Amino acid sequence: QYCSIIVGSQEWMCDNLNTSHYSNGDTIINWEFYNLNSGYEGAYGRLYTRNNANSNNNVCPTGWHVPTKAEYEYLHAYLGGQNVAGGKMKSVGVTFWTTPNTGATNVSGFNGLPGGANSLSIGCCTGGTSAVNNYGNWWTTTTQGTVTTSGFQTTGQVYMTLSYNNSSSSFVVT
């Protein structure tokens, strides 16, 4: 069971996703805990791959879905624009976020936490994990252009990111 909030006309989870099964019951493969340490699970949930996020089996619980970029853009607009939305979506304080956690008010109730990333989740840091307490990353189902990783060209996948050192939110293609 996940908590949820209403922002404008949208309903959002206010917990990081933490499941090992797709909504159809199939086992999810290639997910990780940050730094391969299950001690991070309680606060940060799990790190999923782009394939998990785009699976027809739905990585989210029944009744939920991985948002599109357009859905995040609506959320950002409702919160006053992309330049300030990040702060309104981040949990407050520095228990989880690195100092200074700029602009964090969590007035939206989104409760964004900085679960970092790994090479499986966003291809950020080949062979390891990175940025817990610094960045939170959330997949979209939106694809955009092509990217080259380790010499292979693939369709770019968009994700939304929040950072400890600014109050904006941004989109990255990996």
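Residues numbered from 1 in each chain as written. Predicted model: local features only at pLDDT ≥ 70, side-chain atom pairs only at ≥ 80, totals over all residues. Heavy atoms only, no water.

A. Broad picture of the overall build of the protein chain. A tally of regular secondary structure across the protein chain gives four helices and seven strands. Along the protein chain, helices (α) and strands (β) appear in the sequence β-β-α-α-α-α-β-β-β-β-β when read from the amino end. For the protein chain, with 174 residues in total, the buried portion stands at 42%. Across the protein chain, contacts joining residues at least 24 apart in sequence account for 51% of those joining residues at least 6 apart. Counting every atom, the protein chain has about 8400 Å² of accessible surface; 48% of that belongs to carbon and sulfur. (Helix = DSSP H or I, 4+ residues; strand = E, 2+ residues; numbered from the N terminus. Buried < 20%, exposed > 50% of the residue type's maximum accessible area, 1.4 Å probe, protein only. Contact = heavy atoms within 4.5 Å. Areas by Shrake-Rupley, 256 points an atom, 1.4 Å probe, with all protein chains shown as cover.)

B. Inspection of helix H3 (residues 69–78) at higher detail. Within the sequence span of H3, burial applies to Tyr72, Leu75 and His76. All buried residues of H3 project into a common sector of 100° when viewed along the axis, lining one side. Residues Ala77 and Tyr78 are exposed on H3 and point more than 90 degrees away from its buried face. A positive backbone phi angle near 110° is found at Gly80, which sits one or two residues after H3. (Arc of directions from axis to C-beta.)

C. Inspection of the state of the cysteines at higher detail. Counted according to the given criterion, the structure contains one disulfide. Across the disulfide from Cys3 sits Cys14; the S-S distance is 2.0 Å. With Cys3 in the segment before strand S1 (4–7) and Cys14 in the loop between strand S2 (10–13) and helix H1 (41–44), this residue pair connects regions lying eleven residues apart in the sequence. With a relative accessible area of 30%, Cys3 lands in the partly exposed category. (Disulfide = S-S within 2.5 Å.)

D. Spatial organisation of the nonpolar core. In terms of nonpolar packing, the biggest core is built from 14 residues, with Trp12, Leu75, Met89 and Phe110 touching the most fellow members. Those elements giving two or more residues to this core turn out to be S1, H3, helix H4 (82–89) and strand S6 (152–163). Once residues lying within four places of it in the same chain are set aside, the contact partners of Leu75 are Val7, Gln10, Trp12, Met89 and Phe110. Met13, Val59, Val66 and Tyr159 belong to the second-largest nonpolar core, a separate cluster that totals twelve residues. (Core = buried A, V, L, I, M, F, W, Y, C linked by side-chain atoms within 4.5 Å.)

E. A look at the layout of surface pockets. Computed from the structure, the largest pocket encloses a volume of approximately 680 Å³. Taken together, 34 residues form the lining of the largest pocket, with Leu17, Pro67, Tyr72, Trp138 and Trp139 sitting closest to its centre. Of all elements in the fold, only S2, H3 and strand S5 (135–149) reach the threshold of two or more residues within the lining of the largest pocket. Looking at side-chain class alone, the lining of the largest pocket contains 20 nonpolar, ten polar and four charged residues. (1 Å grid on protein atoms, 1.4 Å probe; cavity = no way out; pocket = protein on both sides within 12 Å on 5 of 7 lines; lining within 4 Å. Points joined across faces, edges and corners; volume = space filled by probe spheres on them. Nonpolar A, V, L, I, M, F, W, Y, C, P; charged D, E, K, R; others polar.)

F. The arrangement of unusual backbone geometry in detail. The omega angle of the peptide bond from Thr99 to Pro100 is 20°, so this bond is cis rather than trans. Mapped onto the elements of the fold, Pro100 is located in the loop between H4 and strand S3 (117–118). We note that Asn101 has phi near 50°; this positive angle belongs to a residue other than glycine. The topology assignment puts Asn101 in the loop between H4 and S3. Taking the relative accessible area as the measure of exposure, Asn101 reaches 5% and is therefore buried.

G. Structural view of the packing of aromatic side chains. Following the criterion strictly, the structure yields eight aromatic pairs and no others. Ring geometry for Trp12 against Phe110: centres 6.0 Å apart, planes inclined by 65°, an arrangement best described as edge-to-face. Taken together, the residues Trp12 in strand S2 and Phe110 in the loop between H4 and S3 connect sequence positions 98 residues apart. Judged by its relative accessible area of 6%, Phe110 is buried. Pairing Tyr44 with Phe96 gives two aromatic rings, centres 5.9 Å apart and planes at 80°, and the pair type is edge-to-face. Here the residue Tyr44 occupies a position in helix H1, and Phe96 occupies one in the loop between H4 and S3, the gap between them amounting to 52 residues. Judged by its relative accessible area of 30%, Phe96 is partly exposed. Of the aromatic side chains, those joined through ring pairs into one cluster are Trp12, Tyr72, Phe110 and Trp138. Positioned above the aromatic ring of Phe171, the side-chain terminus of Lys69 is 5.1 Å from the ring centre. (Phe/Tyr/Trp six-rings, centres within 6.5 Å; stacked < 30°, edge-to-face > 60°. Lys NZ or Arg CZ within 6 Å of the ring centre and 35° of its normal.)

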